[in-house]
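Listed below are the residues making up each chain.
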Amino acid sequence: MPPHHSSSFESAVPENPDSSYVFSEQVGHLLRKAYQRHMAIFQQNVGDSQLTAVQFVTLCAVRDHGPSSLTELVKATAVDQATIRGIVERLKARELITLEPDPQDRRKVIVGLSEAGDRLVQQTVPCAGKITELTLSNLNPAERVAVLFLLRKMIDDPQD
């Protein structure tokens, strides 16, 4: 048997790692797991198997705010500019949105909701309510209020 040579990884790992840090109990890990569960529930219950959660949010943002620039959609949805461009392209390909040049700045595009997009939002909203209910199903009413309050508090910028 050849002698065991320690790799650089093994030598970088302390003999007694700090057992007080358990990654599976960290907020980022728990938020990611909760988000993954929510996304699975969304896909199983959305009704339109081609519609993703972020596409639905984008359609809702246009419905709620009216025709919007990509910059306005980035702010409304918390989706980065590159991602929102891809979402808009996919929604346009499905004819769920309209794209028009901005009358004030023809380099900008204004995203509107098509009739088909409006119908899809109307059909999906009841499913979205069920998705929220299923996501929160392990929580009692007080816990639901608390978790939503705490999530909003976590995302608030103390600088504002």
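All of the points below concern the structure found in this document.

The rules behind the values
- Residues numbered from 1 in each chain as written.
- Predicted model: local features only at pLDDT ≥ 70, side-chain atom pairs only at ≥ 80, totals over all residues.
- Heavy atoms only, no water.
- Core = buried A, V, L, I, M, F, W, Y, C linked by side-chain atoms within 4.5 Å.
- Buried < 20%, exposed > 50% of the residue type's maximum accessible area, 1.4 Å probe, protein only.
- Helix = DSSP H or I, 4+ residues; strand = E, 2+ residues; numbered from the N terminus.
- Contact = heavy atoms within 4.5 Å.
- Pairing = 2+ DSSP bridges.

### Observations concerning the nonpolar core
Part 1 of the reasoning: Grouped together as the largest cluster of nonpolar side chains are 24 residues, with contacts concentrated most on L59, L73, I84, V88 and V111.
Part 2 of the reasoning: Among the secondary structure elements, those contributing two or more residues to this core are α2 (27–45), α3 (53–65), α4 (70–77), α5 (81–93) and α6 (115–135).
Part 3 of the reasoning: Broken down by element, this core gets its largest block of residues, six residues, from α3.
Part 4 of the reasoning: With sequence-adjacent residues up to four places away left out, L73 is seen in contact with T58, A61, V62, S68, A78, I84, V88 and V111.

### Thoughts on the sheet that holds strand β3 (residues 109–113)
Part 1 of the reasoning: On the basis of which strands lie adjacent, the open sheet formed by three strands has the order β1-β3-β2 and antiparallel pairing. Edge positions in the sheet fall to β1 (68–69) and β2 (97–101), since each of these pairs with one other strand and no more.
Part 2 of the reasoning: Here β2 pairs with β3 via five bridges, running antiparallel. Bridge assignment links P101 to a residue of β3, and that residue is V109.

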